[in-house]
Amino acid sequence: MIRDPDTNARLKALRRDIAPELASLERRLVLRGGLSLGALTLLSGCDLSTGSNGTLADRVLWAMSRANDRVQQWLFDPATLAPTYPASMIDTPFRFNAYYPPDNIPEIDEATWKLEVTGLVADKAPWTLEKLRALPQESQITRHICIEGWSQIGQWGGVPLRTFLERTGADLTAKYVGFKCADRYYGSLDMPSALHPQTILALDFAGQPLAPEYGYPLRVRVPTKLGFKSPKHIAAIFVTNDYPGGYWEDQGYNWFSGI
Amino acid sequence: MTILPETPARLTVIHPLVVRITHWINAVAVFCMLFSGWAIYNASPLFPFAFPKWAVLGGWLGGALAWHFAAMWLFALNGLAYLAYGLVARHFATAFLPLSPGAVWRDARAALRLRLIHRVGRYNAVQRLAYVAAVVLGVTLVASGCALWKPVQWQALTNLFGGYEWARRVHFLAMAGLAGFILLHLALVAIVPSTLVAMITGRARVAEEPTVR
């Protein structure tokens, strides 16, 4: 797909906006590398990096994170709705977030894009955007809370994930719904959160089809979880009983991350 | 202020066992919460400064959060045990009360003129205020922390703090207050090191109360 000049100009401005942040990120990484030779040597292996079979400290931290998953699953009430806000409170511009700079936002061609559905579902036929648009749509203005601490209010619209799972004949008693993305990001939700009335497969952001930086053509939006639990550029959805993990979760972010 | 006459001293328990145990568990928990919390703050600073890299725990955001969400159980449950003991065994009533603005003013002035006498086993009014403040800050930290952890499930609590973004600020300010308390606390222990021994053994030589006050 060749991007239109408007999109190119916007992405260029975005690159300019986050250039200082990227520079500071690079500085941070260099600093971290340098410091690990110094003071933090004492604490290496206390940062999840050695995994759930690593140092004693890492084993305890990973085990506590799994225990916190269970506590949060128990605290999660499927009937509690995330607060919604008036349109006047929407934050603009909305931050771009990814584990890569805007240059690497995947270019996706609507004509050839298809959503794969696999795993414990009856109907594994792929979906087009047109087919998704034909399903009942839902729109909400909710608060996106990032694991870094900041938050912004935005408007997302699309198909309730519950409706989609019902239409594909998914096993709603299965444990997980997983997502694979065009940008090699991946993630997963517990089934109760996937079936929450506000969890949607978003096609729109701010009343417009998703822009590339916000996850074109399809992302999930889960207002009952931290932002990283809502993958963008979704290419495949699968239903499974085997823990699928996630891009950040496998490095140590808490998997449930409910709010 | 009159100087107390020399009186025979006896070895007395000035810090009950429950207070000592919860104190040291709390010391470990607060260490973890404070330094991992600073790393989490650094991921998206609320104010135009960041904490130095050598003073943060967890290495990266994921590591810091893992420390914070593991140690929070230690901090909250230990704090709860301390609060329950303080109320049921009347530890708060006997150690922190009575407390009046007049007494705080009087003792603060005496302390600044270096005329305040350290009475082993009894807190002066400034100490009482500081310890009550530390308890209130601890409760505020747990409550605002819960508001940040579960702003959807516990939205009534989050609303009590004026919403998610205000809860972040309350959490930060309560942290700053507690950090200030800890600095003062450690400075005073450095000036009167015998208090450190007493918080381990629980015992100190206490002068007999003079009969006439």
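In case you missed it, the structure is sitting above this.
Described in the following lines is the structure provided in the data block. (Residues numbered from 1 in each chain as written. Chains lettered and ligands numbered in written order. Predicted model: local features only at pLDDT ≥ 70, side-chain atom pairs only at ≥ 80, totals over all residues. Heavy atoms only, no water.)

## Overview of the overall build of chain B
Thinking step 1. Along the backbone of chain B there are eight helices and two strands.
Thinking step 2. Seen in sequence order, chain B has helices and strands lined up from the N terminus as β-α-α-α-α-α-α-α-α-β.
Thinking step 3. For chain B, the proportion of its 213 residues judged to be buried stands at 38%.
Thinking step 4. Considering only contacts within chain B whose residues lie at least 6 apart along the sequence, 69% involve residues at least 24 apart.
Thinking step 5. Per element, the accessible surface of chain B, about 12,100 Å² overall, is 73% carbon and sulfur.
Thinking step 6. For chain B, the separation between the mean place of its 17 positive charges and that of its 5 negative charges on side chains is 6 Å. (Helix = DSSP H or I, 4+ residues; strand = E, 2+ residues; numbered from the N terminus. Buried < 20%, exposed > 50% of the residue type's maximum accessible area, 1.4 Å probe, protein only. Contact = heavy atoms within 4.5 Å. Areas by Shrake-Rupley, 256 points an atom, 1.4 Å probe, with all protein chains shown as cover. Lys, Arg positive; Asp, Glu negative; His and termini not counted. Charge placed at Lys NZ, Arg CZ, Asp CG, Glu CD.)

## Quick notes on the overall build of chain A
Thinking step 1. Helix and strand content of chain A: five helices and nine strands.
Thinking step 2. Secondary structure elements of chain A, listed N to C terminal, follow the sequence α-α-β-α-β-β-α-β-β-α-β-β-β-β.
Thinking step 3. Buried positions account for 51% of the 259 residues belonging to chain A.
Thinking step 4. Counting only contacts in chain A whose residues sit at least 6 apart along the sequence, the fraction spanning at least 24 positions is 68%.

## Overview of the environment of Leu11 of chain B
All names here are of chain B.
Thinking step 1. Here Leu11 lies in strand 1 (residues 9-13).
Thinking step 2. Owing to a relative accessible area of 53%, Leu11 belongs among the exposed residues under this scheme.
Thinking step 3. In the structure, Leu11 is positioned 157 residues away from Arg168 in sequence and 46 Å away in space, judged by C-alpha atoms.
Thinking step 4. If near-sequence neighbours (up to four positions away) are discounted, Leu11 is found in contact with Arg203, Ala204 and Arg205.

## Some details on the interface of chain A and chain B
Thinking step 1. In this complex, chain A contributes 37 residues to the contact, which on the side of chain B involves 30 residues.
Thinking step 2. Each partner contributes to the roughly 2,800 Å² buried at the junction of chain A and chain B, and carbon and sulfur atoms together form 66% of this total.
Thinking step 3. The largest contributions to the chain A side of the interface with chain B come from Leu75, Glu148 and Ile259 of chain A, which together make up 18% of the buried area.
Thinking step 4. There are zero salt bridges connecting chain A and chain B.
Thinking step 5. Mapped onto the side of chain A that touches chain B, the elements with two or more residues apiece are helix 1 (5-35), helix 2 (56-75) and strand 2 (138-145) of chain A.
Thinking step 6. Among the elements that take part in the side of chain A that touches chain B, helix 2 of chain A stands out by supplying six residues, more than any other.
Thinking step 7. In terms of residue class, the side of chain A that touches chain B is built from 22 nonpolar, nine polar and six charged. (Buried area = accessible area lost by both parts, 1.4 Å probe. Salt bridge = Lys/Arg side-chain N within 4 Å of Asp/Glu carboxyl O. Nonpolar A, V, L, I, M, F, W, Y, C, P; charged D, E, K, R; others polar.)

## Things to note about the environment of His196 of chain A
Residue and element names in this part refer to chain A.
Thinking step 1. Tracing the backbone through its elements, the reader meets His196 in the loop between helix 5 (191-194) and strand 6 (200-205).
Thinking step 2. For the pair His196 and Val222, spaced 26 residues apart in sequence, the C-alpha separation works out to 8.5 Å.
Thinking step 3. For His196, the contacting residues outside a window of four places in its chain are Phe76, Pro78, Thr80, Leu81 and Thr224.

## Topic: the nonpolar core
Thinking step 1. Core analysis: the biggest nonpolar cluster contains 53 residues, and Ile147 of chain A together with Trp38, Phe51, Met175 and Leu178 of chain B have the highest contact counts within it.
Thinking step 2. Going through the elements one at a time, helix 2 of chain A together with helix 1 (17-43), helix 2 (61-88), helix 5 (125-149) and helix 7 (164-191) of chain B are the ones with two or more residues in this core.
Thinking step 3. Ignoring any residue separated from it by four or fewer positions in sequence, one finds Trp38 of chain B in contact with Phe51, Ala55, Val56 and Met175 of chain B.
Thinking step 4. Trp113, Val121, Leu129 and Phe179 of chain A belong to the second largest nonpolar core, which has 38 residues in total. (Core = buried A, V, L, I, M, F, W, Y, C linked by side-chain atoms within 4.5 Å.)

## Here we look at the side chain of Ser188 of chain A
Residues and elements named next belong to chain A.
Thinking step 1. With respect to the helices, strands and loops of the structure, Ser188 is situated in strand 5 (residues 186-190).
Thinking step 2. A polar contact is formed between the side chain of Ser188 and the backbone oxygen of Gly245, at a distance of 2.8 Å.
Thinking step 3. If sequence neighbours within four positions are ignored, Ser188 has contacts with Val177, Gly178, Phe179, Lys229, Pro244, Gly245 and Trp255. (Polar contact = N/O pair within 3.5 Å; in protein donor to acceptor, adjacent residues only side chain to side chain.)

## Remarks on the sheet that holds strand 1 (residues 116-119) of chain A
Residues and elements named next belong to chain A.
Thinking step 1. Ordered by their spatial adjacency, four strands build an open sheet running 1-9-4-5, and the pairing between neighbours is mixed. With partners counted over all chains shown, the strands left at the sheet margins are strand 1 and strand 5, one partner each. Sheet twist, expressed as the average angle between the axes of neighbouring strands with direction ignored, equals 20°.
Thinking step 2. Pairing of strand 4 (residues 176-181) with strand 5, which is carried by five bridges, proceeds in the antiparallel orientation. Considered in strand 5, the bridge of Phe179 is made with Gly187. (Pairing = 2+ DSSP bridges. Axes fitted to C-alpha atoms, helices over the stretch in contact; angles between N-to-C directions.)

## As for the pairing of strand 9 (residues 234-240) of chain A
In the case of a regular strand, side chains alternate between the two sheet surfaces.
All names here are of chain A.
Thinking step 1. Most of strand 9 is tucked away: six of the seven residues are buried.
Thinking step 2. Two elements, strand 1 and strand 9, share four bridges in a ladder whose sense is parallel. Looking across to strand 9, one finds that Thr118 is bridged to Phe238.

## Quick notes on the pattern of salt bridges
All names here are of chain A.
Thinking step 1. This structure, assessed with the given rule, holds nine salt bridges over all chains.
Thinking step 2. A salt bridge links Asp69 to Arg66, with the nearest nitrogen and oxygen atoms 2.8 Å apart. Remark: Arg66 and Asp69 occur in helix 2; sequence separation between them is three residues, near one turn of the helix.
Thinking step 3. With a relative accessible area of 6%, Asp69 lands in the buried category.
Thinking step 4. Residue classification places Arg66 among the partly exposed residues on the basis of a relative accessible area of 26%.
Thinking step 5. When the shortest N-O distance is used, the salt bridge between Arg95 and Glu148 registers 4.0 Å.

## Examining the packing of aromatic side chains
Thinking step 1. As enumerated under the stated definition, the model contains 38 aromatic pairs over all chains in all.
Thinking step 2. Judged by centre distance (5.9 Å) and plane angle (70°), the rings of Tyr176 of chain A and Tyr243 of chain A are edge-to-face. Of the two residues, Tyr176 of chain A is situated in strand 4 and Tyr243 of chain A in the segment after strand 9; the sequence distance between them amounts to 67 residues.
Thinking step 3. A residue is classified by how much of its surface remains accessible, and Tyr176 of chain A, at 13% relative accessible area, is buried.
Thinking step 4. Residue class for Tyr243 of chain A comes out partly exposed when judged on its relative accessible area of 40%.
Thinking step 5. Site record: aromatic cluster; members linked through ring pairs are Phe96, Tyr99, Tyr100, Tyr185, Phe228, Tyr247, Trp248 and Tyr253 of chain A together with Trp60 of chain B.
Thinking step 6. Positioned above the aromatic ring of Trp150 of chain A, the side-chain terminus of Arg95 of chain A is 4.1 Å from the ring centre. (Phe/Tyr/Trp six-rings, centres within 6.5 Å; stacked < 30°, edge-to-face > 60°. Lys NZ or Arg CZ within 6 Å of the ring centre and 35° of its normal.)

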